[in-house]
Amino acid sequence: MQFGIFTVGDVTPDPTTGRTPTEAERIAAMMTIAEHAEQAGLDVFATGEHHNRPFVPSSPTTMLGYLAGRTSRITLSTSTTLITTNDPVKIAEDYAMLQHLSGGRTDLMLGRGNTAPVYPWFGKDISKSVELTVENYQLLRRLWDEDVVTWSGQFRTPLQSFTSTPRPLDGVAPFVWHGSIRTPEVAEIAAYFGDGYFANNIFWPKEHYARLIELYRQRYAHYGHGAPEQAIVGLGGQVYMAKNSQDAVREFRPYFDNAPVYGHGPSLEDFTAQTPLTVGAPEQVVEKTLTFQEFFGDYQRQLFLIDHAGLPLATVLRQIDMLGEQVVPVLRREFEARRPAHVPSDPPTHASRVAARDAALAAGSAEAVGA
């Protein structure tokens, strides 16, 4: 099973000091966080895509391309690539290039985003967001899967005998996750293509996400990709840890109360009771995270948000160390002990997808010879 972290890249004042990092400091900190995550034995670093303050990750592939040259093992991903407002041609080219630069350590999560003004900024109509999602992804798949594409649609200029370059590494496109917190159509797209489904369940109660995940699983099986329990699922979460729970709550409360995404709303106690947020000792993080499998079924990727709300870099690095030393090893062992043999433990990697492609080609050649 894969464990990692994701960042939303907020530039937020530290409520305990009043100091706000510069954009340069925050960007440099995210790079340090990603490199430290690899050193701590985590499997994935993912970044969001935002085009509005107080967030800075407006160019995920630039960030991840830099990290490709600074890391050797960790998977570099996005926690949202905006399928609605980005040109699918540019997505196809950018992430194929990132594949090559990272040696295949690349996947991406597509989503509609949750910032309404981004649509007019990029010349799109938010009322057409679902239609944009469907059309843009269908074109993206063709650009990766076909060498020459002739295409016309509703939302961009037609393509005539177009080849996206570079071609995907080894002829296999990056693995795609579809992230959604409220849209059944996104679960349907993920199921149809046999892609992964990521429920970034950091805001709403678990029952809401359980319905979407179950829809995805049933439709995944409907389209012939495997049994419902074999569908590829990822989950988000949030943690803040200290040696004992009282210190964790005391230290994190000012950051929670002033966070740009949920500050000045529900209390810390209410939020931890209703969502995956865990504030406490590492043992409490293990205990609560293990309950995700009970609610959502067996899954393949768990990402934690740990660097938001103005937390100092040194604090975030300590959180990563605790994850790597005290939390993830226990979670790996416990999740794998519970997982049925026929359910995949990891999401598809570049190597596994190349091997599956080659095996399918070999089987087809053998059938042709036998015929």
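All values derive from a computational prediction rather than experimental measurement. (Residues numbered from 1 in each chain as written. Predicted model: local features only at pLDDT ≥ 70, side-chain atom pairs only at ≥ 80, totals over all residues. Heavy atoms only, no water.)

### Topic: the environment of serine 58
No. 1: In this structure, serine 58 sits in the loop between strand 2 (44-47) and helix 2 (60-68).
No. 2: Accessibility expressed as a relative area gives 40% for serine 58, which makes it partly exposed.
No. 3: Along the primary structure serine 58 and glutamine 284 are separated by 226 residues, whereas in three dimensions their C-alpha atoms are 34 Å apart.
No. 4: Filtering out sequence-adjacent residues up to four positions away, serine 58 remains in contact with Glu49, His50 and His51. (Helix = DSSP H or I, 4+ residues; strand = E, 2+ residues; numbered from the N terminus. Buried < 20%, exposed > 50% of the residue type's maximum accessible area, 1.4 Å probe, protein only. Contact = heavy atoms within 4.5 Å.)

### Re helix 7 (residues 206-222)
No. 1: Between its first and last C-alpha, helix 7 extends 24 Å over 17 residues, near the 24 Å set by a 1.5 Å rise per residue.
No. 2: Within the sequence span of helix 7, burial applies to His208, Tyr209, Leu212, Ile213, Tyr216, Arg217 and Tyr220. Viewed end-on, helix 7 has its buried residues packed into an arc of 165 degrees, placing them on one side of the element. For helix 7, the exposed residues set more than 90 degrees away from the buried face come down to Arg211 and His222.
No. 3: On its buried face, helix 7 sits against helix 6 (184-193), strand 9 (196-199), strand 10 (233-241) and helix 10 (282-296). (Expected span 1.5 Å × (residues − 1). Arc of directions from axis to C-beta.)

### Some details on the nonpolar core
No. 1: Counting 99 residues, the largest nonpolar core has Ile5, Trp144, Tyr197, Tyr216, Phe252, Ile320 and Leu323 as the members making the most contacts within it.
No. 2: Looking at this core, the element that brings in the most residues is helix 11 (residues 313-338), giving 9 residues.
No. 3: Not counting the four nearest positions on each side in its chain, tryptophan 144 is found in contact with Ile91, Ala92, Tyr95, Ala96, Leu108, Arg167, Pro168, Ala173, Pro174 and Val176.
No. 4: Grouped together as the second largest cluster of nonpolar side chains are 5 residues, Leu82, Val118, Tyr119 and Leu132 included. (Core = buried A, V, L, I, M, F, W, Y, C linked by side-chain atoms within 4.5 Å.)

### Describing the pairing of strand 1 (residues 2-7)
In regular strands, side chains alternate between the two faces of the sheet.
No. 1: For strand 1, the buried fraction is high: 6 of the 6 residues fall into the buried class.
No. 2: The two faces of strand 1 match: Gln2, Gly4 and Phe6 on one face and Phe3, Ile5 and Thr7 on the other face are all buried.
No. 3: With 5 bridges connecting them, strand 1 and strand 12 (residues 301-305) associate as parallel partners. Bridge assignment links phenylalanine 6 to a residue of strand 12, and that residue is leucine 305. (Pairing = 2+ DSSP bridges.)

### Topic: the pattern of salt bridges
No. 1: Evaluated as defined, the whole model comprises 18 salt bridges.
No. 2: A salt bridge links aspartate 43 to arginine 332, with the shortest nitrogen-to-oxygen separation between them at 3.0 Å. Remark: arginine 332 occurs in helix 11 and aspartate 43 occurs in the loop between helix 1 (23-39) and strand 2; sequence separation between them is 289 residues.
No. 3: A single salt-bridge network, built from bridges that share partners, covers Asp10, Arg26 and Asp307. (Salt bridge = Lys/Arg side-chain N within 4 Å of Asp/Glu carboxyl O.)

### Things to note about the packing of helix 1 against helix 2
No. 1: At a minimum axis separation of 11 Å, helix 1 and helix 2 run at an interaxial angle of 45 degrees. Here helix 1 lies oblique to helix 2, going by the angle between them. You can see that helix 1 and helix 2 cross each other, and the crossing is right-handed. Facing Met30, Met31, Ala34 and Glu35 of helix 1, the residues of helix 2 in contact are Met63, Tyr66 and Leu67.
No. 2: Partitioned by chemical class, the residues of the contact of helix 1 with helix 2 number 6 nonpolar, no polar and 1 charged. (Axes fitted to C-alpha atoms, helices over the stretch in contact; angles between N-to-C directions. Parallel < 35°, antiparallel > 145°, perpendicular 65-115°, else oblique. Left-handed = near helix turned anticlockwise from the far one by under 90°. Nonpolar A, V, L, I, M, F, W, Y, C, P; charged D, E, K, R; others polar.)

### Let's talk about the pairing of strand 2
No. 1: Neither face of strand 2 is left uncovered, since the one carrying Val44 and Ala46 and the one carrying Phe45 and Thr47 both have all their residues buried.
No. 2: Summarising the sheet, strand 1 and strand 2 pair through 4 bridges and their orientation is parallel. Counted as the bridge partner of phenylalanine 6 is alanine 46 from strand 2.
No. 3: Taking the sense of rotation as the criterion, the β-α-β connection linking strand 1, helix 1 and strand 2 turns out right-handed.
No. 4: As paired strands, strand 2 and strand 3 (residues 75-78) are joined by 4 bridges and run parallel to one another. If you follow valine 44 over to strand 3, its bridge partner there is threonine 75.
No. 5: With respect to chirality, the unit in which strand 2 leads through helix 2 into the neighbouring parallel strand 3 is right-handed. (Right-handed = clockwise from strand over helix to strand, strands pointing away.)

### Some details on the packing of aromatic side chains
No. 1: Tallied over the entire structure, the rule returns 13 aromatic pairs.
No. 2: Centroid distance tyrosine 197 to tyrosine 216: 5.3 Å. Interplanar angle 25 degrees. Geometry classified as stacked. Here the residue tyrosine 197 occupies a position in strand 9, and tyrosine 216 occupies one in helix 7, the gap between them amounting to 19 residues.
No. 3: Take tyrosine 197: its relative accessible area is 0%, and that puts it in the buried class.
No. 4: Judged by its relative accessible area of 0%, tyrosine 216 is buried.
No. 5: Ring geometry for tyrosine 240 and phenylalanine 252: centres 5.1 Å apart, planes at 20 degrees, overall stacked. Of this pair, tyrosine 240 sits in strand 10 while phenylalanine 252 sits in helix 8 (residues 245-258), placing them 12 residues apart in sequence. Of the two residues, tyrosine 240 and phenylalanine 252, both sit in the buried class.
No. 6: Members of the aromatic cluster, joined through ring pairs, are Tyr137, Tyr192, Phe193 and Tyr223. (Phe/Tyr/Trp six-rings, centres within 6.5 Å; stacked < 30°, edge-to-face > 60°.)

### A closer look at the environment of valine 233
No. 1: Note that valine 233 resides in strand 10.
No. 2: A residue is classified by how much of its surface remains accessible, and valine 233, at 0% relative accessible area, is buried.
No. 3: Residues valine 233 and tyrosine 216 lie 17 residues apart in sequence; the distance between their C-alpha atoms is 9.0 Å.
No. 4: Setting aside residues up to four positions removed in sequence, valine 233 forms contacts with Trp177, Tyr197, Ile213, Tyr216, Arg217, Tyr299, Gln300 and Arg301.

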